[in-house]
Amino acid sequence: MVCNLLRGRSELEGRATCAMVPAWEFSHEPEKKRSPCPPFIAFESEQHLSACDALIVEPAFISLDLAMTAPDRSNSSDSVPPAAHHVGIDVSKASLEIALIRSEEDDFASKTVSNTEDGFDELLNWIETQADVRLEENPEQVHVCLEASGDYQRPAARFLQKSGLTVSIVNPLRTSAYAESQLNRSKTDKVDARLLARFCRREEPSPWEPAPSEQKSLKEMTRGLEQLKKERDRLKNQIRQSENPTVTSSLGSVLESINEQIDQLEDQVDKHVESTDTLARNRNLLETIPGVGSTTAALVLAELGDHERFESARQAAAYAGLTPSHHESGSSVHRKPRLSKVGNSRLRRALYFPAIAALRCNAAVEALGDRLAERGKEKMVIIGAAMRKLLHICYGVLKNQSSFDPSLHPGT
């Protein structure tokens with residue numbers, strides 16, 4: 001129960017579990033006057049960054065594509081030049097439906113290949129023939145767009161990216177909204193591939209970069225560990241409810257085996273982090289933050305990925321779905337702002353209980369919680385703000401490669 005963790009401030013109704021982050025609402029007050037540093041305490045600055053700069057709420061679209069890649073930066077100086085040919089690929093477990101739209105034309109060429117290594121070679125040869133481009137010399141002339149499809153898209157994306165083509169993996173929410181804006185009346189693999197090609201040409205989504213092998217391995221291990229813990233909890237519940245000794249004994253044996261697997265995998269996670277200089281250094285930095293232990297640090301490193309792909313802590317918060325979502329229209333629609341939750345749910349879950357602990361032992365987070373409590377904010381509002389604050393601090397120490405310093409945070 002988490003109620004004991006917030007004693008001295010207010011009692012928390014123990015309805016949350018590790019597997020689910022409950023819903024809460026951010027309270028909202030109308031903005032009266034824009035001062036150089038407005039007192040919007042719930043969204044304070046990240047470490048080593050100015051408090052005023054962090055108060056600007058990041059646009060909502062940033063969190064959408066960040067689940068797979070960095071946000072679009074079509075106006076930035078480091079954006080890729082526009083491609084002459086755009087390819088959309090609708091991915092399934094067994095096949096790839098391809099649509100190529102030529103430059104300054106609206107006619108499509110379509111093809112279906114298998115989602116295998118042989119199919120990838122066939123795909124590359126077909127693109128080269130249809131686009132009339134020598135990909136060995138000018139691979140940047142082709143921009144390929146795929147939808148995130150439960151990792152079925154990653155082998156093809158890695159193959160095309162290694163071949164030099166510009167590859168983007170986009171959030172299905174974006175392409176679904178784009179399809180609705182186009183008033184699409186049908187949904188087939190062929191239609192979806194053409195939609196992705198048009199989306200690629202119009203929006204020019206940012207290039208996807210595969211994670212380093214050590215980062216990929218860490219994410220797979222932490223997610224596997226999460227699944228084992230869920231199975232452990234499920235078995236414990238079954239054992240409590242079972243009245244048959246035979247069933248209880250069988251489930252107990254399985255539970256014992258799963259506990260052994262959890263211990264082994266936790267050891268492997270520690271060894272993997274220690275064997276990689278960058279991961280070991282970053283985990284040590286995160287552990288200097290009160291409320292963040294080795295397990296949370298490994299989860300943050302696994303799910304946050306390369307912190308350099310975020311331009312600010314606000315973007316990192318948007319990636320985790322910890323930014324507010326406003327719903328207002330005219331004079332009659334004024335809903336309470338809520339957490340958007342459009343982002344990495346695993347990262348939110350990883351920060352929930354550490355945020356509760358930080359409200360007691362982290363001076364920066366505790367000061368934030370005290371100020372919000374004095375303003376009459378609800379318990380879950382305080383925890384949501386603490387989660388965002390804690391992620392800002394994590395980003396700050398990783399960005400600056402320096403240990404946590406509470407003196408850099410106002411009110412401590």
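Quick caveat, the model's predicted, so the values are computed rather than measured.

A. Seen up close, the overall build of the chain. Counting secondary structure elements, the chain contains 14 helices and 7 strands. Once local pairs closer than 6 in sequence are excluded, the contacts in the chain between residues at least 24 apart make up 68%. Surface accessibility of the chain: about 20900 Å² in total, with carbon and sulfur atoms responsible for 48%.

B. Local environment of the packing of helix α9 (residues 277–286) against helix α10 (residues 294–304). Closest axis-to-axis distance for the α9/α10 pair is 9 Å, and the angle between their directions is 125 degrees. Comparing the axis directions of α9 and α10 gives the class oblique. Between α9 and α10 the crossing geometry is right-handed. Contacts between α9 and α10 involve L279, N282, R283 and L286 on the former and, on the latter, S294, A297, V300 and L301. When its residues are assigned to classes, the contact of α9 with α10 shows 5 nonpolar, 2 polar and 1 charged.

C. Seen up close, the packing of aromatic side chains. Here the structure, examined in full by the defined rule, presents 4 aromatic pairs. A ring pair is formed by Y178 and F199, whose centres lie 5.4 Å apart and whose planes are at 75 degrees; its orientation type is edge-to-face. Taken together, the positions of Y178 in helix α5 (residues 172–181) and F199 in helix α6 (residues 189–203) put the pair 21 residues apart, joining distant regions of the chain. The same class applies to Y178 as to F199, namely buried. On the basis of an interplanar angle of 50 degrees and a centroid distance of 5.5 Å, the ring pair of F310 and Y319 is categorised as tilted. Summarising the burial analysis for this pair, F310 and Y319 share the class buried. Geometry around Y319 places R309 over its ring, the cationic atom sitting 4.9 Å from the centre.

D. Inspection of the pairing of strand β1 (residues 85–91) at higher detail. With 7 of 7 residues buried, β1 is to be regarded as a mostly interior element. Burial along β1 is two-sided: H85, V87, I89 and V91 facing one way and H86, G88 and D90 facing the other are all buried. Note: β1 against strand β4 (residues 142–147), 5 bridges, orientation parallel. Counted as the bridge partner of H85 is V142 from β4. Two strands pair when backbone bridges link them, and β1 and strand β2 (residues 95–101) are joined in this way by 6 bridges, in the antiparallel orientation. Across the sheet, V87 pairs through a bridge with L100, a residue of β2. Hairpin connection between β1 and β2: a loop of 3 residues separates the two successive antiparallel strands.

E. Spotlight on the sheet that holds strand β3 (residues 108–114). Strand order in the open sheet formed by 5 strands is β3-β2-β1-β4-β5, with mixed pairing between adjacent strands. The open sheet terminates on both sides in strands that have one partner only, identified here as β3 and β5 (166–170). The average undirected angle you get between the axes of adjacent strands in this sheet is 20 degrees. Contacting β1, β2, β3 and β4, helix α3 (residues 117–131) crosses the sheet at an angle of about 165 degrees to β3. The sheet strands contacting α6 are β1, β2, β3, β4 and β5, and the helix crosses β1 at an angle near 140 degrees.

F. Representation of unusual backbone geometry in the model. Residues other than glycine seldom take positive phi values, yet D132 does so here, at roughly 55 degrees. Within the fold, D132 resides in the loop between α3 and β4. Overall, D132 belongs to the exposed group, its relative accessible area being 71%. The residue Q401 is not glycine, and still its phi comes out positive at about 50 degrees.

G. Quick look at the packing of α5 against α6. For the pair α5 and α6, the least separation of the axes is 10 Å and the interaxial angle reads 95 degrees. With respect to each other, α5 and α6 are oriented roughly perpendicular. Residues R174, T175, Y178 and A179 of α5 touch α6, and the partners they reach there are L195, L196, R198, F199, R202 and E203. Of the residues assigned to the contact of α5 with α6, the class counts are 5 nonpolar, 1 polar and 4 charged.

H. Examining the pairing of strand β6 (residues 324–329) more closely. The pairing of β6 with strand β7 (residues 333–339) spans 5 bridges and is antiparallel. Residue pairing across strands places S325 opposite R338, the latter belonging to β7. Connecting β6 to the next strand, β7, in antiparallel fashion are 3 residues, including G330 with a positive phi near 60 degrees.

I. Structural context of the side chain of T222. Position of T222 relative to the elements: it lies in helix α7 (residues 213–241). The exposure class assigned to T222 is buried, which follows from its relative accessible area of 5%. A distance of 3.0 Å separates the side chain of T222 from the backbone oxygen of K219, its partner in a polar contact. Discounting chain neighbours no more than four positions away, the residues touching T222 are A298, L299, A302 and E303.

J. Here's a closer look at the pattern of salt bridges. All chains considered together, the criterion is met by 16 salt bridges. R154 is paired through a salt bridge with D151; the nearest N and O atoms lie 2.8 Å apart. Between R346 and E226 there is a salt bridge, and its shortest N-O distance comes to 3.1 Å. In this pair, R346 is assigned in helix α12 (residues 345–361) and E226 in helix α7, connecting sequence segments 120 residues apart.

Calculation rules
Residues numbered from 1 in each chain as written. Predicted model: local features only at pLDDT ≥ 70, side-chain atom pairs only at ≥ 80, totals over all residues. Heavy atoms only, no water. Helix = DSSP H or I, 4+ residues; strand = E, 2+ residues; numbered from the N terminus. Contact = heavy atoms within 4.5 Å. Areas by Shrake-Rupley, 256 points an atom, 1.4 Å probe, with all protein chains shown as cover. Axes fitted to C-alpha atoms, helices over the stretch in contact; angles between N-to-C directions. Parallel < 35°, antiparallel > 145°, perpendicular 65-115°, else oblique. Left-handed = near helix turned anticlockwise from the far one by under 90°. Nonpolar A, V, L, I, M, F, W, Y, C, P; charged D, E, K, R; others polar. Phe/Tyr/Trp six-rings, centres within 6.5 Å; stacked < 30°, edge-to-face > 60°. Buried < 20%, exposed > 50% of the residue type's maximum accessible area, 1.4 Å probe, protein only. Lys NZ or Arg CZ within 6 Å of the ring centre and 35° of its normal. Pairing = 2+ DSSP bridges. Polar contact = N/O pair within 3.5 Å; in protein donor to acceptor, adjacent residues only side chain to side chain. Salt bridge = Lys/Arg side-chain N within 4 Å of Asp/Glu carboxyl O.

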